[in-house]
Amino acid sequence: MTEIWYGLTKAMELIISFDPEVMEIAARTLRIAGTSCLLASLISLPLASLIHFRRFHGKRVLINIIQTLFSVPTVIVGLFVFVLLSRAGPLGELGILFTPAAMVIGQMILITPILLGLTISALSGVSKEVVETATSLGASGFQLVLLVLREARYAVLAALILGFGRALSELGVAMMVGGNIRGFTRVMTTALSLATTRGELEMALALGIILLFLALVINIVLNRLQQRR
Amino acid sequence: MRKMSIKTKVIALAVIAIAIIVSIILMARVPALKVATTSSLYDTGLWGYLQPRFEEKYGVKLHILYAGTGIALEYGKRGDVHAVAIHDKARELQFVADGYGVERVPFAYNYFLIVGPPDDPAGIKGLTPEDACKKLMEEGSEDPDRIRFVSRGDDSGTHAKEKDIWRAAGFAYATVQESSWAQAREGYAEVGSGMGPTLLMTNEMNAYTLTDSGTFLAYKGGLALVPLVETGELLLNVYSVIAINPEKHPGTDLEMANNLVAFLISPEIQELIGNYGVEEYGVPLFIPCAGAEPEE
């Protein structure tokens, strides 16, 4: 128990003193997770709308597959991206293994199914009457999509928060394709893992607490944004 | 609002997404020398100590990847790093013979130790490593709850050395893994972790383990474990650096990798390596050997 207490005080110490290394790692973590989440949502929101509004053969199966991918282990994604980006792999020419870009790609792959699946659920949650009324008033297809997305915005935002949280807290991808290089690809989770393997348990706990603190701040900001509208 | 079909909008967004990805990829191509290093060189802090000096001298970023010898060699084979710094002579020679590496250049050494609980329940203190392993196997098979051994089990250089010692003691590694000692719930355990974590686990389990002396010294402060077997020809632990052969993977930067090799064996850096840890631990963690194989 004393270790947890020391971890807490250490976390406070690191936050209050603006420890440069921890601040740098935190900023990098946010930047990478934020980029992945942004890119994943650029892909997911339109794609989810498309899947939701179109009727096609195998739609249920597709949605089942997407939902299954919610629980894909991060190490599997990491391994897949590693093999893809390694010099001996198909995209080796890019030479981006062990860079933040590789981590962004991995995290995107990791969270896209979550954003897709939850956005589809969110859109399904919008009542049929809204759609029917809008159609009878002469809304175009695109206006309809925007309207439904607007109606479902709380649930979509929840999906984004969850996706961002998964990107922020995952270790497998960051470790495998980032390589935990100090000052370049080290993020909160890989730093935490290294501190643990080195037996620096207080430091590890402190990093964990700071990670949660970051997530808290982001959630508060997003919720504020949501309420203001 | 302009009328736009969903399809055009989707395509437009996809184009934007691809543009962003490509720009990130371009940004990510920071010129840096990537070195995969064995965990013992990292856990002792040696790389953290040498890195700024190298970066200043050659004006290039050094990216250190923390890996066991097994995965470090794999990175090297795939061309994902420019150099490897590891400690497993047999596999290093094979790596160079297979054409993946240019040349094996030893730059420092220290010794392996068998460490264990201070009361030494198996009574191996002062034995040769081979005899100690024989004794551990005998006593451990009889009383696996009390005599425990933690093996790295991760194909690292230290793990390879452990297998060598078992072989010298008359046990093929498979027989060790299949022994009643290893089958017991406690007893011989492979943990698949780096040297530092393995030492911490060994300490918690009141067990024996094989460790390099550098990592042991760096972790000693928090451990109850004591060195029990320290002498024997088998215990020599040589660290080498190998530049990756660009013939297999064009695009790897041999020139800068050669700079790293030259840097590590330069008199100035050799002296720094020899002094590393003296202030903190009272003894040097590594003995420099400037490109030549050390002799026992």
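All residue numbers refer to positions counted from 1 along the written sequence of the respective chain. For naming, the first written chain is A and the first written ligand is 1, with later ones following in the order written. For a predicted model such as this one, the threshold for reporting local features is a pLDDT of at least 70, and the threshold for listing and counting side-chain atom pairs is 80 or more; totals across whole chains, interfaces and linings nevertheless cover every residue. The side-chain quantities take in all heavy atoms of the structure and omit both hydrogens and water.

Draft legend 1. Examining the overall build of chain A more closely. In terms of helices and strands, chain A carries 11 helices and zero strands. In this text, helices come from DSSP runs of H or I with a minimum length of four residues, and strands from runs of E with a minimum of two, each type numbered from the N-terminal end. Along chain A, helices and strands appear, N-terminal first, in the series α-α-α-α-α-α-α-α-α-α-α. The principal-axis extents of the C-alpha atoms in chain A amount to approximately 65 × 45 × 25 Å. For chain A, restricting intrachain contacts to residue pairs at least 6 apart in sequence, the fraction spanning at least 24 positions comes to 74%. Where accessible areas are quoted, they stem from the Shrake-Rupley method and a 1.4 Å probe; at the residue level, only the protein chains shown are allowed to cover. In the form shown here, chain A has an accessible surface area of approximately 11400 Å², with 67% of it arising from carbon and sulfur atoms. This count recognises Lys and Arg as positive and Asp and Glu as negative, with His and chain-terminal groups excluded. Charge positions are represented by NZ for Lys, CZ for Arg, CG for Asp and CD for Glu. In chain A, which carries 18 positive and 12 negative side-chain charges, the distance between the mean positions of the two groups comes to 11 Å. For this analysis, residues touch if any pair of their heavy atoms sits within 4.5 Å.

Draft legend 2. Summary view of the packing of helix 3 (residues 46–58) of chain B against helix 13 (residues 267–275) of chain B. Residue and element names in this part refer to chain B. Two numbers describe how helix 3 lies on helix 13: the axes approach to 11 Å, and their chain directions differ by 160°. Comparing their axes, helix 13 and helix 3 come out roughly antiparallel. For helix 3 against helix 13, the interelement crossing comes out right-handed. Only Glu268, Ile269, Leu272 and Ile273 of helix 13 make contact with helix 3, whose side of the interface consists of Leu46, Tyr49, Leu50, Arg53 and Lys57. Each residue is assigned to one class: nonpolar for Ala, Val, Leu, Ile, Met, Phe, Trp, Tyr, Cys and Pro, charged for Asp, Glu, Lys and Arg, and polar for all the others, Gly among them. Partitioning the contact of helix 3 with helix 13 into residue classes produces six nonpolar, no polar and three charged. Geometry is summarised by axes, namely lines fitted to C-alpha atoms with helices restricted to the contacting stretch, and by angles between N-to-C directions that run from 0 to 180 degrees. Any angle that falls under 35 degrees is termed roughly parallel, while one over 145 is termed roughly antiparallel, one within 65 to 115 roughly perpendicular, and all others oblique. Here is the rule for handedness: rotate from the far helix to the near one, and if that takes an anticlockwise turn smaller than a right angle the crossing is left-handed, while a clockwise turn gives right-handed.

Draft legend 3. Looking closely at the pattern of salt bridges. Residue and element names in this part refer to chain B. Whenever a carboxyl oxygen of Asp or Glu lies within 4 Å of a side-chain nitrogen of Lys or Arg, that contact is scored as a salt bridge. Within this structure, the stated rule accounts for 15 salt bridges over all chains. For the salt bridge of Arg78 with Glu74, the shortest nitrogen-to-oxygen distance reads 3.8 Å. What emerges from the salt-bridge pattern is a single network uniting Asp88, Arg91, Asp155 and Lys163.

Draft legend 4. Representation of the pairing of strand 1 (residues 32–37) of chain B in the model. Residue and element names in this part refer to chain B. Counting buried residues along strand 1, six of its six residues qualify, which places the element largely inside the surrounding structure. For each residue, the accessible area found with a 1.4 Å probe, counting protein chains only, is set against the maximum for its type, and the residue is called buried under 20%, exposed over 50%, and partly exposed in between. Neither face of strand 1 is open: one carries Ala32, Lys34 and Ala36, the other Leu33, Val35 and Thr37, and all of them are buried. Two strands pair when backbone bridges link them, and strand 1 and strand 2 (residues 61–66) are joined in this way by six bridges, in the parallel orientation. Bridge pairing in strand 2 places Thr37 opposite Tyr66. A strand pair is defined by DSSP finding two or more bridges across the two strands. Here strand 1 runs beside strand 3 (residues 83–86); their pairing, made up of three bridges, is parallel. What sits directly across from Val35, in strand 3, is Ala83.

Draft legend 5. Examining the nonpolar core more closely. In this description, a nonpolar core means a group of buried Ala, Val, Leu, Ile, Met, Phe, Trp, Tyr and Cys residues linked to one another through side-chain atoms lying within 4.5 Å. Counting residues in each nonpolar core, the largest one holds 57 residues, and the members touching the most others are Phe98(A), Val177(A), Met188(A), Tyr75(B), Val81(B) and Val84(B). Formed by 33 residues, the second largest nonpolar core is a distinct cluster that contains Leu41(B), Phe54(B), Val261(B) and Phe263(B).

Draft legend 6. Summary view of helix 8 (residues 153–169) of chain A. For helix 8 of chain A, built from 17 residues, the straight-helix expectation of 24 Å at 1.5 Å per residue is met to within 8% by its first-to-last C-alpha distance of 24 Å. Of all the positions in helix 8 of chain A, only Val156(A), Leu157(A), Ala159(A), Gly163(A), Phe164(A), Ala167(A) and Leu168(A) are classed as buried. Expected helix span is given by 1.5 Å per residue-to-residue step, counting one fewer step than there are residues.

Draft legend 7. Local environment of the domain arrangement of chain B. Residue and element names in this part refer to chain B. One can read the domain layout of chain B as domain 1 (28–110 + 237–288) and domain 2 (111–235). Domain segmentation is taken from an automatic or database assignment of domains. A straight line from the C-alpha centre of domain 1 to that of domain 2 covers 27 Å. At the junction of the two partners, domain 1 supplies 19 residues and domain 2 supplies 20 residues. Note on domain 1 versus domain 2: buried area summed over both sides is about 1300 Å², and carbon and sulfur give 57% of it. Buried area counts how much accessible surface, traced with a 1.4 Å probe, disappears from two parts once they are put together, with both parts' losses summed.

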